[in-house]
Amino acid sequence: MISLDTKNVLAQTIGSHHGLDLEFAIQNHRDSIKDIVEALWHQPETKNGWRRWLKLGENQKLVDDINAYVKTLPQDLEHLVIIGIGGSSLGGMAMFEALLPSYWNERSREQRNGRPRYYFIDNVDPDKLQGLLSILDLKRTLVNVITKSGTTAETMAGYLWLKAELEKAVGKENLSKHLVMTTDPAKGILRDIVQKEGLKAFEVPEDVGGRFSVFSAVGLLPAGILGLPIAEMLQGIQDLVPQVSNPDVDQNMAAQGALVQYVCYQNQKPISVFMPYSAKLAYVADWYVQLWAESLGKKMSLDQRVVHEGPTPVKAVGVTDQHSQVQLFNEGPFDKVFTFVRLEKFNEDLTIPNLYPDVSDLSYLGNRTFETLLQAEGDATRASLSKNQRPNMTITLPKLDAYHFAQLLYLLEVQTAIMGGLLKVDPFDQPGVELAKQYTYALMGRPGFEHLKDEALGKTLQPAIG
Ligand code: PA5
């Protein structure tokens, strides 16, 4: 199982100035954590409670549906294009980078076990879009449009564009074979299109928000198309449930992680650095940044007070960032708490050759494995941060596979929800992104938003109060 080590946040390890008295913190927050965890897991689900993501591991039917759908796809499918943004793309990106063999798109068809290459469209940059179009073989392309709301401008613009291109390439009568949608079961423009045009569609279940949706069809459908073991992911989650649903903080890893983050945040450490020591987990850091930022950065508290809460998440990747951000981490302000992710064992065993046995400044590397070097660098970074009184914790995965990868993301999701409870904010809404969306609509001439145009242009903009 995945595990969490909090030794390096303790005052005994890193000194009392910046270290935590975790026992004291646990005593202080034991009851509130119990209430938060019980409310999260055990209160009856209500509409708009947004807690159905906790149960996604139970959805064996989805696995069967995806496997059945994958069997209907043409044998010579070459390109899978996934159009989505934010919670509708970041989980998939993290998953495929972590679990597919590296340089997937550069591999031959045989090396990909006959599965397609994949591309995400999560931006409306025309240069990037045209670049993608120029390499796609549209006759052998499947497009998966993912949008929970079914209205997101960036995603729908990408869909409109690629649909028109597909139509030119394959003809209107064949279009439906090249499209599969993932959207709300009932609401949104995309659902209307699905119904009117008879398109194949999967559901983002009701009450599962974007950034908590990776284990719904949002992540699992493209994962299944790419041949990843999706049932193992759900098993990984299910096996973690007893742990992360335990109301006793001593027995609950997600609650312990949240508590460390919370106490550090209260202790003038508003920055939460997430640093996997695995290049293949780099996009998990992007996913974490979105999960943390959109869930916890809030103006209003649950009891409707203006609070402007929220730790700032920062992405770092070991070993790369040792030559970038680690200088700041070790010597800059004492404003950060660190989460490392460590793999107990890498899948590949690669040895550094001893090409210069007489050069002692190089021969110490010779005949050692890259894994040994990477682990040494991770240990060294942790030790230097601890010596410099920087609280850091480490999540360890026994290995990088579908089962443990799913546990990592699920653990972080539950930790985020509990952190929301401790901060007394709603981790499942995102009102702060609405205003810019509305200004965009006004600038793009969407009916009903004309009144915001001058404000969006800065002509009549008045700063908000409070
Ligand atoms: O986490 C979230 O809710 C957001 O990041 C959404 O995923 C993002 O805005 C995309 O929304 P939608 O899936 O409705 O297109």
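Residues numbered from 1 in each chain as written. Predicted model: local features only at pLDDT ≥ 70, side-chain atom pairs only at ≥ 80, totals over all residues. Heavy atoms only, no water.

1. Points about the pairing of strand β6 (residues 200-203)
Alright, step 1. Taken together, the four bridges between strand β5 (residues 179-183) and β6 define a ladder with parallel strand orientation. Residue Thr182 lies in a different strand from β6, and its bridge partner there is Phe202.
Alright, step 2. What joins β5 to β6 is helix α7 (residues 189-197), and the crossover it makes is right-handed. (Pairing = 2+ DSSP bridges. Helix = DSSP H or I, 4+ residues; strand = E, 2+ residues; numbered from the N terminus. Right-handed = clockwise from strand over helix to strand, strands pointing away.)

2. Observations concerning the pattern of salt bridges
Alright, step 1. For the structure on display, the rule yields 25 salt bridges.
Alright, step 2. Residue Asp76 is joined to Arg140 by a salt bridge in which the shortest nitrogen-to-oxygen separation is 3.8 Å. Of this pair, Asp76 sits in the loop between α3 (60-71) and β2 (79-83) while Arg140 sits in the loop between α5 (126-135) and β4 (141-147), and the two are 64 residues apart along the sequence.
Alright, step 3. By relative accessible area, Asp76 is classed as partly exposed at 39%. (Salt bridge = Lys/Arg side-chain N within 4 Å of Asp/Glu carboxyl O. Buried < 20%, exposed > 50% of the residue type's maximum accessible area, 1.4 Å probe, protein only.)

3. Quick word on the side chain of His18
Alright, step 1. Tracing the backbone shows His18 in the loop between α1 (11-14) and α2 (22-42).
Alright, step 2. Contact partners of His18, with chain neighbours within four places excluded, come to Lys269, Phe334, Gln389 and Pro391. (Contact = heavy atoms within 4.5 Å.)

4. Considerations on α5
Alright, step 1. Regarding α5, the residues found buried are Leu129, Leu132 and Leu133. Buried residues of α5, seen end-on, are gathered within an arc of 100° and therefore sit on one face of the element. Of the exposed residues in α5, those oriented more than 90 degrees away from the buried face are Asp127, Lys128 and Ser134.
Alright, step 2. Of the surrounding elements, those touching the buried residues of α5 are β2, β3 (117-121) and α6 (153-170).
Alright, step 3. Capping the start of α5, Asp125 holds a side-chain oxygen 2.8 Å from the backbone nitrogen of Asp127, two or three residues further along. (Arc of directions from axis to C-beta. Polar contact = N/O pair within 3.5 Å; in protein donor to acceptor, adjacent residues only side chain to side chain.)

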